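Single-letter residue listing:
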Amino acid sequence: MNILDKFHHWRRRRRWNKQYRSGRWQNLKSDLEASRYFKIKEDLLAFAPKKPNILDIGCGDGVLNERLGDFPFSYFLGVDFSSESIKQAQDKNLPNSEFEHCDVLHFVPKRTFDAIIFNESFYYIPDTEKSRVLQHLLDNLSEDGVLIVSIFRDGPGCWEFFKENKNLKEVDFETIKTSKEMTYWKIGAYTKVSE
Ligand SMILES: C[S@@+](CC[C@H](N)C(=O)[O-])C[C@H]1O[C@@H](n2cnc3c(N)ncnc32)[C@H](O)[C@@H]1O
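Residues numbered from 1 in each chain as written. Predicted model: local features only at pLDDT ≥ 70, side-chain atom pairs only at ≥ 80, totals over all residues. Heavy atoms only, no water.

(A) Region of the structure containing the pattern of salt bridges. Tallying each qualifying case throughout the model produces 16 salt bridges. R21 is paired through a salt bridge with E84; the nearest N and O atoms lie 3.6 Å apart. Note that R21 is positioned in helix α1 (residues 3-22) and E84 in helix α4 (residues 83-91), a separation of 63 residues in sequence. Overall, the relative accessible area of 55% leaves R21 in the exposed class. E84 gets classed as buried once you look at its relative accessible area, which sits at 17%. Salt-bridge contacts for K41 lead to D70; the nearest nitrogen and oxygen are separated by 3.4 Å. Of the two residues, K41 sits in helix α2 (residues 31-47) while D70 sits in the loop between α3 (63-67) and β2 (75-80), which places them 29 residues apart along the sequence. Among the residues examined, D70 registers a relative accessible area of 68% and is labelled exposed. Here the salt bridges do not stand alone but share partners, grouping K39, E42, D43, D172 and E174 into one network. (Salt bridge = Lys/Arg side-chain N within 4 Å of Asp/Glu carboxyl O. Helix = DSSP H or I, 4+ residues; strand = E, 2+ residues; numbered from the N terminus. Buried < 20%, exposed > 50% of the residue type's maximum accessible area, 1.4 Å probe, protein only.)

(B) The arrangement of α4 in detail. Here α4 has its buried residues at E84, S85, I86 and A89. Next to the buried residues of α4 lie α1, β2 and β3 (97-101). One or two steps after α4, the chain reaches N93, where phi turns positive at roughly 50°. (Contact = heavy atoms within 4.5 Å.)

(C) Region of the structure containing helix α5 (residues 127-138). Over its 12 residues, α5 extends 17 Å from the first C-alpha to the last, a length consistent with the 16 Å expected when each residue adds 1.5 Å. Among the residues making up α5, those that are buried are E129, K130, V133, L134, L137 and L138. Down the axis of α5, the buried set is contained in an arc of 160°. They therefore lie on one face. Where α5 is buried, its residues touch β1 (53-57), β4 (113-119), β5 (141-152), α6 (160-163), β6 (168-177) and β7 (184-192). (Expected span 1.5 Å × (residues − 1). Arc of directions from axis to C-beta.)

(D) The site of the ligand, seen in detail. In the neighbourhood of the ligand, 20 residues make up the surrounding shell, with Y37, G58, D80, D103 and N119 lying closest. A distance of 2.7 Å separates an oxygen atom of the ligand from a polar side-chain atom of Y37. Contact distances for the ligand include 2.6 Å between an oxygen atom and a side-chain N or O atom of D80. Burial of the ligand by the protein amounts to 98% of the accessible area it has alone, namely 600 Å². Among the secondary structure elements, those contributing two or more residues to the shell around the ligand are α1 and α2. Sorting elements by how many residues they give to the shell around the ligand places α1 first, with three residues. In terms of residue class, the shell around the ligand is made up of 10 nonpolar, six polar and four charged. (Near = heavy atom within 4 Å. Polar contact = N/O pair within 3.5 Å; in protein donor to acceptor, adjacent residues only side chain to side chain. Areas by Shrake-Rupley, 256 points an atom, 1.4 Å probe, with all protein chains shown as cover. Nonpolar A, V, L, I, M, F, W, Y, C, P; charged D, E, K, R; others polar.)

(E) Spotlight on the packing of α1 against α4. Where α1 meets α4, the closest approach of the two axes is 7 Å, and the angle between their N-to-C directions is 40°. On the basis of their axis angle, the class for α1 and α4 is oblique. In this structure, α1 contributes N17, Y20 and R21 to the contact, and α4 contributes S83, E84, S85 and Q88. (Axes fitted to C-alpha atoms, helices over the stretch in contact; angles between N-to-C directions. Parallel < 35°, antiparallel > 145°, perpendicular 65-115°, else oblique.)

(F) Region of the structure containing the pairing of β6. As paired elements, β6 and β7 share nine bridges and run antiparallel to each other. Bridge assignment links E174 to a residue of β7, and that residue is I187. The hairpin turn running from β6 into β7, its antiparallel successor, is six residues long. (Pairing = 2+ DSSP bridges.)

(G) Just the nonpolar core, in detail. The biggest cluster of nonpolar side chains holds 29 residues, and the ones touching the most others in it are I40, L44, I54, L68, F99, I117 and I148. Mapped onto this core, the elements with two or more residues apiece are α1, α2, α3, α4, β4, β5 and β7. Sequence-distant contacts of I148, defined by excluding residues within four places in its chain, comprise I40, D43, L44, I116, I117, F118, I187, G188 and A189. By size, the runner-up hydrophobic cluster in this structure holds 27 residues, among which are V149, F162, L168 and Y190. (Core = buried A, V, L, I, M, F, W, Y, C linked by side-chain atoms within 4.5 Å.)

(H) Expanded view of the packing of aromatic side chains. Scanning the model with the defined rule gives 15 aromatic pairs in all. With 4.9 Å between their ring centres and 80° between their planes, W159 and F173 make a pair best called edge-to-face. Taken together, the residues W159 in the loop between β5 and α6 and F173 in strand β6 connect sequence positions 14 residues apart. A relative accessible area of 7% means that W159 is categorised as buried. (Phe/Tyr/Trp six-rings, centres within 6.5 Å; stacked < 30°, edge-to-face > 60°.)

As structure tokens, then:
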């Protein structure tokens, strides 16, 4: 990253902290948003191995984990670069789950994962880092694992990293619509192409 990108990245992290502190992201728990979390749960059921261990990148305060409800997983790790959101997630004491304060740009997984999820977080990764970060995470996705990506609206400059990736096969792609015309998400699920 050049110095300008580093500055924007730093500023963005500060903004997230401030917003989580002020409750700005409480709306993620609303009924309007619920359908995208349910779609992720559906993809986990369809494409992840049984009782997967799950890595949630940019997990915020752990809404996806809560929305998984009775979905059986063996372990859940949420990673976020906002210390405030991680503190809020940790305070929930969610079962079989840990939340780590870490920038995905510097995240080093200590294990492989059966499901890796970018739930409204991939577009925040600086463009020059997207490819490296994605590859690093894919190296830690188990061979029968699934990568799930949710992106608000059309995600310009994002989907090509998944759709044109020769190491990935798209197994599902759906637009999740809501009662509001301009509130929709695209959610893709990808498995690894075996070598
Ligand atoms: C729109 S919120 C989504 C939160 C959560 N995934 C959800 O959908 O409930 C985006 C999250 O990505 C996190 N994020 C952005 N850039 C990040 C980075 N480089 N490393 C880790 N987390 C990041 C933000 O702090 C924020 O919590």
